[in-house]
Amino acid sequence: MGDSQTWTAAPSAAEHARSVLAASWSCAVTAEGGREEFVGAHTVAEDGRVTLDVPEDSTLVAAAICAPRGEPSAVLEFADVAPVPVRSRIRARLWIAGWFVPVDGRLEFTTTRVVLRRPSGAVVVDLDEFAAAEPDPLATAEARLLTHLADCHPDAVERLTRLVDADSLHGAVRVQPLAVDRHGLTLRIERARAHGDVRLPFHAPADDVAQLTERMHVLLSQASAASCPRALQRQRTDRDG
């Protein structure tokens, strides 16, 4: 069940896809030789091209050599996993189809199709937009930032719920930071048998951690000036009793 809060100022599909690619440490590759998992083996060029450094005895090398040149023969899969423990931690999946070309002991990937699946559904990302897009400037720092917020500042997370519509907090049993990008912070609201996400947009984009700190301070100031939602008040009363 989703929430009624309106999502605003969110990254485009191409930007989101590039952010997933930039932050991912592992990937799965499906080819004619089967499916293999690789950790810390891929690098990404400025235009989004992926290169894999794999063992010589990998079945993927043989599959790349034997595959018809110029025909899609492999799919790379990247998972966007929430760094903070929440239900349904997979926030998005990125699939990149194409073929490998062996070059100097490495496998360079030529992309023919990019698909990003988010909770709202799957979208085919335009290849030119994918190549031109840049990862979110906070993508590689997001895990550290969200973990710090959840572990060290739970009071701040609770205060931010004052910016959430009371209907979205109805039945809430836990609220955790789910995602952050240059445009805003997303909270995961968990209920007994369901969950939903609420977007808190920043007043201006944050291009680095220093700007993010300022944007968060603005949100917290706004939250301090807001009244505590009734749903959260009931939750506190039930917990205290």
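Up top you'll find the structure we're talking about.
Calculation rules
Residues numbered from 1 in each chain as written. Predicted model: local features only at pLDDT ≥ 70, side-chain atom pairs only at ≥ 80, totals over all residues. Heavy atoms only, no water. 1 Å grid on protein atoms, 1.4 Å probe; cavity = no way out; pocket = protein on both sides within 12 Å on 5 of 7 lines; lining within 4 Å. Points joined across faces, edges and corners; volume = space filled by probe spheres on them. Helix = DSSP H or I, 4+ residues; strand = E, 2+ residues; numbered from the N terminus. Nonpolar A, V, L, I, M, F, W, Y, C, P; charged D, E, K, R; others polar. Salt bridge = Lys/Arg side-chain N within 4 Å of Asp/Glu carboxyl O. Buried < 20%, exposed > 50% of the residue type's maximum accessible area, 1.4 Å probe, protein only. Pairing = 2+ DSSP bridges.

Just to check I follow, could you spell out the layout of surface pockets for this structure?
Vacant regions in the atomic arrangement are exposed by a probe of water-molecule size rolled over the atoms. Size it by volume and the largest pocket reaches roughly 770 Å³. In terms of lining, the largest pocket is formed by 30 residues, of which the most central are His16, Asp80, Arg91, Arg118 and Ala179. Of all elements in the fold, only helix 1 (13–23), strand 5 (74–81), helix 4 (142–152), strand 9 (172–181) and strand 11 (195–201) reach the threshold of two or more residues within the lining of the largest pocket. Class assignment for the residues of the lining of the largest pocket results in 15 nonpolar, seven polar and eight charged. Of the volumes computed, that of the second largest pocket is approximately 320 Å³. Leu145, His148, Leu149, Thr213 and Met216 are, among the 15 residues lining the second largest pocket, the residues nearest its centre. Looking at the lining of the second largest pocket, the elements with two or more residues in it are helix 4 and helix 6 (209–225).

Help me understand empty space enclosed by the protein in this model?
Under the defined criterion, the tally for this structure stands at one cavity of 30 Å³ or more. Of the pockets and cavities examined, the largest cavity occupies roughly 30 Å³. Around the largest cavity, the lining residues are Ala31, Leu60, Ala63, Ala64, Ser73, Ala74 and Phe100. A per-element tally of the lining of the largest cavity places helix 2 (residues 59–66) first, with three residues. When grouped by side-chain class, the residues that make up the lining of the largest cavity number six nonpolar, one polar and no charged.

I keep staring at the pattern of salt bridges and nothing clicks. Help me out?
Pairs may arise between side chains of opposite charge once their charged atoms sit close together. In total, this model carries eleven salt bridges according to the counting rule given. One salt bridge in this structure joins arginine 35 and glutamate 77, with 3.5 Å as the shortest N-O distance. Residue arginine 35 is located in strand 2 (residues 34–39), and its partner glutamate 77 is located in strand 5; the two are separated by 42 residues in the primary sequence. With a shortest N-O distance of 2.7 Å, arginine 91 and aspartate 80 are connected by a salt bridge. With arginine 91 in strand 6 (residues 90–103) and aspartate 80 in strand 5, the pair connects residues that are eleven residues apart, well separated along the chain. A single salt-bridge network, built from bridges that share partners, covers Arg35, Glu37, Glu77 and Arg93.

Would you mind showing me how to read the pairing of strand 10 (residues 184–191) here?
Put simply, side chains in a regular strand alternate between the two faces of the sheet. Counting buried residues in strand 10 gives eight out of eight residues, a clear majority hidden from the surface. Because side chains alternate across strand 10, one face comprises the buried residues Gly184, Thr186, Arg188 and Glu190, and the other comprises Leu185, Leu187, Ile189 and Arg191, equally buried. Bridging between strand 9 and strand 10 involves eight bridges; their strand directions are antiparallel. For arginine 174, the partnering residue across the bridge sits in strand 10 and is glutamate 190. Between strand 9 and strand 10, which pair antiparallel in sequence order, lie two residues. Across seven bridges, the pairing between strand 10 and strand 11 is antiparallel. Bridge pairing in strand 11 places glycine 184 opposite proline 201. The antiparallel hairpin formed by strand 10 and strand 11 contains three residues in its connecting segment.

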